[in-house]
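Each chain, letter by letter, is given below.
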Amino acid sequence: MDTTAGQSLYPLHQTKTIHLVRHAQGVHNVEGEKNHDAYLSNDLFDANLTPLGWKQVENLQKHVKASGLSRKVELVVVSPLLRTMQTAVGVFGGEAYTSGINEPPLMTENVGHSDHPAVSSLNCPPFIAVELCREQMGLHPCDKRRTVSEYRHMFPGIDFSLIETDEDTWYTPEREKKEEVTSRGLKFLEWLCTRKEKEIAVVTHSSFLFNTLSVFGDDCHPNIKTEMCAQMIGSNTSTTNYPGKIPHGRDLPSDATD
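Just so you know, these numbers come straight off a predicted model, no measurement behind them.

Q: I'm lost on the overall build of the protein chain in this one. Help?
A: Summing up its helical and strand segments, the protein chain has eight helices and five strands in all. Secondary structure of the protein chain in N-to-C order comes out as β-α-α-α-β-α-β-α-β-α-β-α-α. Burial status across the protein chain gives 47% buried among its 258 residues. A fraction of 74% describes how many contacts in the protein chain between residues 6 or more apart in sequence connect residues 24 or more apart. When the accessible area of the protein chain is evaluated, it comes to approximately 13,600 Å², of which 53% is carbon and sulfur surface.

Q: What should I look at first to understand the sheet that holds strand β3 (residues 127-129) in this one?
A: By definition, the strands of a sheet pair up through backbone hydrogen bonds, in either a parallel or an antiparallel sense. With parallel pairing, five strands are arranged side by side in an open sheet as β1-β5-β2-β3-β4. Both outer strands of the open sheet, β1 (17-22) and β4 (158-159), are each paired with one neighbouring strand and no more. Inspection of the sheet shows β3 paired to β4 by two bridges, in the parallel sense. Opposite F127, over in β4, you have I158 as the bridge partner.

Q: Help me understand empty space enclosed by the protein in this model?
A: Over the atoms rolls a probe the size of a water molecule, and its path tells where empty space is left. For the structure on display, the rule yields two cavities of 30 Å³ or more. Of the pockets and cavities examined, the second largest cavity occupies roughly 40 Å³. Taken together, L20, F188, L189, F208, L209, T212 and L213 make up the lining of the second largest cavity. When residues of the lining of the second largest cavity are traced back to their parent elements, those giving at least two are α6 (178-194) and α7 (206-213). A per-element tally of the lining of the second largest cavity places α7 first, with four residues. Class assignment for the residues of the lining of the second largest cavity results in six nonpolar, one polar and no charged.

Q: Hey, could you run me through the nonpolar core in this one?
A: Membership of the largest hydrophobic core comes to 34 residues, with the highest contact counts inside it found for V76, F92, F127, F155, I158 and F160. Apart from the residues lying within four places of it in its own chain, the contact partners of I158 are M85, V89, L106, F127, I128 and A129. Core analysis: the second largest hydrophobic core is formed by twelve residues, L75, V130, L192 and V202 among them.

Q: How should I be thinking about the pattern of salt bridges in this particular structure?
A: A side chain of one charge can pair with a side chain of the opposite charge when the charged atoms of the two come close. Counted by the stated rule, this structure contains eleven salt bridges. Taking the shortest distance from any N to any O, the salt bridge between E31 and K34 comes out at 3.5 Å. With E31 and K34 both in helix α1 (residues 27-34), this residue pair falls three residues apart, about one helical turn. Judged by relative accessible area, which is 31%, E31 ranks as partly exposed. A relative accessible area of 62% places K34 in the exposed class. For K55, the salt bridge identified is with E58, shortest N-O distance 3.8 Å. In this pair, K55 and E58 both sit in helix α2 (residues 51-66), three residues apart, roughly one turn of the helix. Looking at K55, the relative accessible area reads 38%, which means it is partly exposed. Judged by relative accessible area, E58 falls into the partly exposed class, the value being 34%.

Q: I tried to follow the environment of R22 on my own but got confused; where do I start?
A: By secondary structure assignment, the location of R22 is in strand β1. Along the backbone, R22 and H205 are 183 residues apart, and their C-alpha atoms lie at a distance of 5.0 Å.

Q: How should α2 be read in this particular structure?
A: Residues that lie three or four places apart on an α-helix share one face, since the helix turns once every 3.6 residues. When the terminal C-alpha atoms of α2 are compared, their 23 Å separation across 16 residues agrees well with the 22 Å that a helix rising 1.5 Å per residue should span. Looking only at α2, the buried set comprises G53, W54, Q56, V57, N59, L60, Q61 and V64. Residues of α2 that are buried sit in contact with β1, α3 (69-72) and α4 (82-92). Positive backbone phi, approximately 85 degrees, marks G68, located one or two places after α2.

Q: Which parts of the structure should I look at to understand α4?
A: Burial within α4 is extensive, with eleven of its eleven residues counted as buried. Of the positions making up α4, those classed as buried are L82, R83, T84, M85, Q86, T87, A88, V89, G90, V91 and F92.

Cut-offs used in this document
Residues numbered from 1 in each chain as written. Predicted model: local features only at pLDDT ≥ 70, side-chain atom pairs only at ≥ 80, totals over all residues. Heavy atoms only, no water. Helix = DSSP H or I, 4+ residues; strand = E, 2+ residues; numbered from the N terminus. Buried < 20%, exposed > 50% of the residue type's maximum accessible area, 1.4 Å probe, protein only. Contact = heavy atoms within 4.5 Å. Areas by Shrake-Rupley, 256 points an atom, 1.4 Å probe, with all protein chains shown as cover. Pairing = 2+ DSSP bridges. 1 Å grid on protein atoms, 1.4 Å probe; cavity = no way out; pocket = protein on both sides within 12 Å on 5 of 7 lines; lining within 4 Å. Points joined across faces, edges and corners; volume = space filled by probe spheres on them. Nonpolar A, V, L, I, M, F, W, Y, C, P; charged D, E, K, R; others polar. Core = buried A, V, L, I, M, F, W, Y, C linked by side-chain atoms within 4.5 Å. Salt bridge = Lys/Arg side-chain N within 4 Å of Asp/Glu carboxyl O. Expected span 1.5 Å × (residues − 1).

Note that every value here comes from positions in space, so none of it alone points to a role or purpose.
Now the structure itself:
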């Protein structure tokens, strides 16, 4: 977000800058593009990033550092799923972790069988996992989380204290309705407003973002809102301002919006 582009109607001390990041490409995105029924496969439980996804993470990290954003973000809020946490620590985390440091790493090595080295928690903002910004839940195993106990071993530097249960009690056999995702998203935004930090990065999911942000923009021209919504579910060409290969097709979430 470019805060210098125009004047705000609100005092700066009453506003926050929120950087919304959709996770990089996951294995479920690839398999689902081949066959949508793959989203029902237990083989995609808590899907991890693909090699291309890790490359996207690397490219975004370079952009975040070059733009100076890494020095501005005071807090990283992340959905407690493997692909979002991998994206979050890869983009906003420290350098490669080395033994002998007293602080625990943000992520241990080879999480998700990625062959990725451990990531340091030094010189980076705090990370906190929040269930309210999870992907649309239910039915699809890729959107079911592991136990918090497992995640704490994988991501020692992430704060999981706001997650109330070790097991995933939010996941159900029925798919969460879109209006329920929207309601949950608005609760999440209300929670963000209670935070003391003024500049926050949120690493989450495309369906969550689309359904949450779809309630905004009613005061703008319909053509503009349509374009905003189209960008939320992906496009065939890259509109980012950082270098990186974009997957073929639209890389849609498991519940693609018409």
